[in-house]
Amino acid sequence: MRWDSQRADGAGQATLPGVGEFVRTVRTPEFSGLVFHEIRARSVLNRVPGRSTVPFQWTVNPYRGCSHACRYCFARNTHTYLDLDAGHDFDTQVIVKVNAAERLAAQLRSPTWKREHVAMGTNTDPYQRAEGRYALMPGIVSALGRSGTPFSILTKGTVLSRDISLLADIGKDVSVGLGVSIALIDRDLQRDVEPGTPSPQARLELVRRVREAGLPCGVFVAPVLPGLTDSVAQLDQLLAAIADAGATGVTVLPLHLRPGTREWFAEWLRYAHPELVADYRQLYGKGSYVDRGYRRLLAARVGPLMRRHGLDSRTGRDATVETETGDAESSWPIGSLPDVAPQDAVIHEEQLTLL
Ligand code: SF4
């Protein structure tokens, strides 16, 4: 199915298998370059597959695709399930579940709902640019709060600042975990590798504002890009800024390159940093996860810096913050960077192509 062929012209609504009912496609001058495909989702409360090792069972993702457009985004391949591509389409063609709040509220009223933790930002960013137009999150977090359901949000989006006071109110009744992703601090590299995101400084300011509102706020330094953001000086500068912003915990994770992401990232690397291609081939081989030696090296670099900036003693207070891409590495705190790849790392091996 090509989404552009869908129309809300009264000739009957298309039903999208596994997704919901198509409403309309929207292009608007305020969001130049983006296409929003509005749908009415059948379900917005998703159970995490049993084989996953993430520390939560339920997720909510009001959007599919993400205008933050990170070259390294793990979620890219999920767009191919919708007959859209994992590259430019993922960045520019965003599926919007316009009924997310009402559908979630209905699902949370089910007598079988046990009020388990719900994680948001596990596939795509709930505070990406589209949220400025659709404002789905206030209804979603209010529904979770009213139902007594604890939740967490991980984001790069400063649109979240709009909802801080609402989140602080809800946080009086249920556990609310907030996390901000800040992978690097160099503005030029950020523009290149995360072209749709707010600046690192704007995200540090978001951390500060969340903390001033009395809410916990962890930071994910993820992903660390080998040869690009992993020097001691770079990590030192970033961790110092995160400590200064008042983060309540930090998790540092190296880059993973899964199918879909791998091809898209490799294309960028060949163009932007051809001198690093051979190193990446060696580090990632045919797998999705960087080799064990690199993980050890990164842990050895980061540990002393965490202590220097007083972040080691803060980590652990915000256990409700998870990765925005729903991977099993989410719960590994710094100081215990994983020596063993997550159990699902082997699933895609046969599909991989070399960089
Ligand atoms: S990594 Fe997160 S913020 Fe970046 S494109 Fe993917 S979902 Fe969006």
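Residues numbered from 1 in each chain as written. Predicted model: local features only at pLDDT ≥ 70, side-chain atom pairs only at ≥ 80, totals over all residues. Heavy atoms only, no water.

Undergrad: Describe the overall build of the protein, naming the residues involved and giving the relevant values.
TA: In terms of regular secondary structure, the protein is built from eleven helices and twelve strands. Accessible area of the protein: about 14,500 Å², with a carbon and sulfur share of 49%. (Helix = DSSP H or I, 4+ residues; strand = E, 2+ residues; numbered from the N terminus. Areas by Shrake-Rupley, 256 points an atom, 1.4 Å probe, with all protein chains shown as cover.)

Undergrad: Outline helix H8 (residues 232–245), supporting the account with residue identities and numerical values.
TA: Taking 1.5 Å per residue, 14 residues should reach 20 Å; H8 reaches 20 Å between its end C-alpha atoms and fits that length. In this structure, the buried side of H8 is in contact with helix H7 (200–212), strand E11 (217–224), strand E12 (249–254) and helix H11 (292–308). Count one or two residues on from H8 and you reach Gly-246, which has phi positive near 90 degrees. (Expected span 1.5 Å × (residues − 1). Contact = heavy atoms within 4.5 Å.)

Undergrad: If you had to explain the packing of helix H9 (residues 261–272) against helix H10 (residues 277–284) to someone new, which residues and values would you point to?
TA: Relative orientation of the contacting elements H9 and H10 amounts to 150 degrees, with a least axis distance of 10 Å. Comparing their axes, H10 and H9 come out roughly antiparallel. Counted together, Arg-262, Phe-265, Leu-269 and Arg-270 of H9 and Val-277, Tyr-280 and Tyr-284 of H10 form the full contact between these two elements. Partitioning the contact of H9 with H10 into residue classes produces five nonpolar, no polar and two charged. (Axes fitted to C-alpha atoms, helices over the stretch in contact; angles between N-to-C directions. Parallel < 35°, antiparallel > 145°, perpendicular 65-115°, else oblique. Nonpolar A, V, L, I, M, F, W, Y, C, P; charged D, E, K, R; others polar.)

Undergrad: Go over the sheet that holds strand E5 (residues 58–60) with me, naming the residues and quoting the values.
TA: Within a sheet, neighbouring strands are paired by backbone hydrogen bonds and run either parallel or antiparallel to one another. Across the sheet, seven strands lie side by side as E4-E5-E8-E9-E10-E11-E12; this open sheet has mixed pairing. Two strands in the sheet have a free side with no partner beyond their single neighbour: strand E4 (46–47) and E12. Two elements, E5 and strand E8 (residues 118–120), share three bridges in a ladder whose sense is parallel. Following the sheet pairing, Val-60 is matched in E8 by Met-120. (Pairing = 2+ DSSP bridges.)

Undergrad: Explain the nonpolar core to me, and be specific about the residues and the numbers.
TA: Ranked by internal contacts, the top residues of the largest apolar core, which has 94 residues, are Phe-151, Ile-153, Leu-167 and Tyr-280. Here this core gets seven residues from one element, more than from any other, and that element is H8. For Ile-153, the contacting residues outside a window of four places in its chain are Met-120, Pro-126, Tyr-127, Met-137, Val-141, Leu-160, Leu-167, Gly-177, Leu-178 and Gly-179. (Core = buried A, V, L, I, M, F, W, Y, C linked by side-chain atoms within 4.5 Å. Buried < 20%, exposed > 50% of the residue type's maximum accessible area, 1.4 Å probe, protein only.)

Undergrad: Help me get a handle on the pairing of E11, residues and values and all.
TA: Of all eight residues in E11, eight are buried; the element is thus mostly enclosed. Sheet topology note: the strand E10 (residues 176–181)/E11 ladder contains four bridges and is parallel. Among the inter-strand pairings, Ser-181 is bridged to a residue of E11, identified as Phe-220. By the bridge criterion, five bridges tie E11 to E12 in an arrangement that is parallel. Looking at E12, one finds that Phe-220 is bridged to Thr-251.

Undergrad: Please provide a residue-by-residue account of the pairing of strand E9 (residues 151–155), values included.
TA: Most of E9 sits out of view: five of its five residues are buried. Burial of E9 is two-sided: the residues Phe-151, Ile-153 and Thr-155 facing one way and the residues Ser-152 and Leu-154 facing the other way are all buried. Looking at chain direction, E8 and E9 are connected through three bridges and run parallel. Note on E9: the bridge partner recorded for Ala-119 is Ser-152. Two strands pair when backbone bridges link them, and E9 and E10 are joined in this way by five bridges, in the parallel orientation. Residue Phe-151 lies in a different strand from E10, and its bridge partner there is Val-176. Handedness of the β-α-β unit built from E9, helix H5 (residues 164–170) and E10 comes out right-handed. (Right-handed = clockwise from strand over helix to strand, strands pointing away.)

Undergrad: Account for the pattern of salt bridges, with residues named and values stated.
TA: Applying the stated criterion across every chain yields a total of twelve salt bridges. The residue Asp-188 makes a salt bridge to Arg-191 at a minimum N-O spacing of 3.4 Å. Note that Asp-188 and Arg-191 are positioned in helix H6 (residues 187–193) at a spacing of three residues, about one turn of the helix. Judged by relative accessible area, which is 57%, Asp-188 ranks as exposed. Given a relative accessible area of 46%, Arg-191 falls into the partly exposed group. Residue Arg-203 pairs with Glu-194 through a salt bridge whose shortest N-O separation is 2.9 Å. Here Arg-203 matches Glu-194 in class, with each residue buried. (Salt bridge = Lys/Arg side-chain N within 4 Å of Asp/Glu carboxyl O.)

Undergrad: Account for the confidence of the model for the protein, naming residues and giving values.
TA: Here the protein averages 85 in pLDDT, and 83% of its residues register 70 or above. The model gives residues 316–355 a pLDDT under 50, and that stretch makes 119 contacts with residues more than four places away or in other chains. (pLDDT = per-residue confidence, 0-100.)

Undergrad: Which residues make up the packing of helix H2 (residues 100–108) against helix H4 (residues 137–146), and what are the values?
TA: Two numbers describe how H2 lies on H4: the axes approach to 8 Å, and their chain directions differ by 15 degrees. Here H2 lies roughly parallel to H4, going by the angle between them. As H2 runs across H4, the sense of the crossing is right-handed. Touching Ala-100, Ala-101, Leu-104, Ala-105 and Leu-108 of H2 are Gly-139, Ile-140, Ala-143, Leu-144 and Arg-146, all from H4. A per-class count over the contact of H2 with H4 returns eight nonpolar, one polar and one charged. (Left-handed = near helix turned anticlockwise from the far one by under 90°.)

Undergrad: Summarise the packing of aromatic side chains; cite the residues concerned and give the values.
TA: According to the stated counting rule, one finds six aromatic pairs in the structure shown. With a centroid separation of 5.5 Å and 90 degrees between ring planes, the pair formed by Phe-36 and Tyr-134 is classed as edge-to-face. Highlighted residues: Phe-36 in strand E3 (residues 35–41) and Tyr-134 in helix H3 (residues 130–134), separated in sequence by 98 residues. The burial state of Phe-36 is the same as that of Tyr-134; both residues are buried. Measuring from ring centre to ring centre gives 5.8 Å for Tyr-280 and Tyr-284, while their planes differ by 20 degrees; the resulting arrangement is stacked. In this pair, Tyr-280 and Tyr-284 both sit in helix H10, four residues apart, roughly one turn of the helix. Site record: aromatic cluster; members linked through ring pairs are Phe-265, Trp-268, Tyr-280 and Tyr-284. (Phe/Tyr/Trp six-rings, centres within 6.5 Å; stacked < 30°, edge-to-face > 60°.)

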